[in-house]
Amino acid sequence: GRAHGIDLSSGVLHAKTHPRRFDVKFVSDKTKKRICELALLDYCCLNLPLPAECSGLFCKLTVTNATTPDGENQQSQSIQIEPLSHPQSSRK
C-alpha cells in the first residue's frame, strides 16, 4: 500500500538523498537563550565552552569539606558543579 506518498509494497524504504537541516535564522534570541539555560548543566559538567548565545550564563563549582561520620576524623570532600546565571542577566 501507499502511506504518505511512499510505496511500501516492495518492503524496502529508501532514505532521502539530502540531509535535513534546521535553519537557525528562524530561532529567536529569546529561544536561543532558553536553550542555553536548559543545556547549561551539560556544558558545565562536560567542561564545554559556552556558545556566544549563552553570554551571561556561567558554571559554578562548589567544594564542601566534611568530617566522615565514622569517627576516624578523616576528611571527605564533595564537589558540585551547577549552572549559575550572572547576577546582571535578567530572565524575561
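Our subject is the structure that appears above.
Keep in mind that this is a model prediction, so the values were computed, not measured.

A. Representation of a nonpolar patch on the surface in the model. A surface patch of nonpolar side chains, about 370 Å² in accessible area, is lined by L61, V63, I79 and I81. Along the chain, the position of I79 falls in strand 4 (residues 75–85).

B. Structural detail: the state of the cysteines. Scanning all chains against the criterion turns up 2 disulfides. Between the sulfur of C36 and that of C54 lies a disulfide, 2.1 Å long from S to S. Because the torsion about its S-S bond is -85°, the bridge between C36 and C54 counts as left-handed. One end of the pair, C36, is in helix 1 (residues 29–45); the other, C54, is in the loop between helix 1 and strand 3 (57–67), with 18 residues separating them in the sequence. On the accessibility criterion, C36 (6% relative accessible area) is buried.

Calculation notes
Residues numbered from 1 in each chain as written. Predicted model: local features only at pLDDT ≥ 70, side-chain atom pairs only at ≥ 80, totals over all residues. Heavy atoms only, no water. Patch = residues over 30% accessible without salt bridge, like charges linked within 9 Å, V, L, I, M, F, W, Y side chains within 5 Å. Areas by Shrake-Rupley, 256 points an atom, 1.4 Å probe, with all protein chains shown as cover. Salt bridge = Lys/Arg side-chain N within 4 Å of Asp/Glu carboxyl O. Helix = DSSP H or I, 4+ residues; strand = E, 2+ residues; numbered from the N terminus. Disulfide = S-S within 2.5 Å. Buried < 20%, exposed > 50% of the residue type's maximum accessible area, 1.4 Å probe, protein only.

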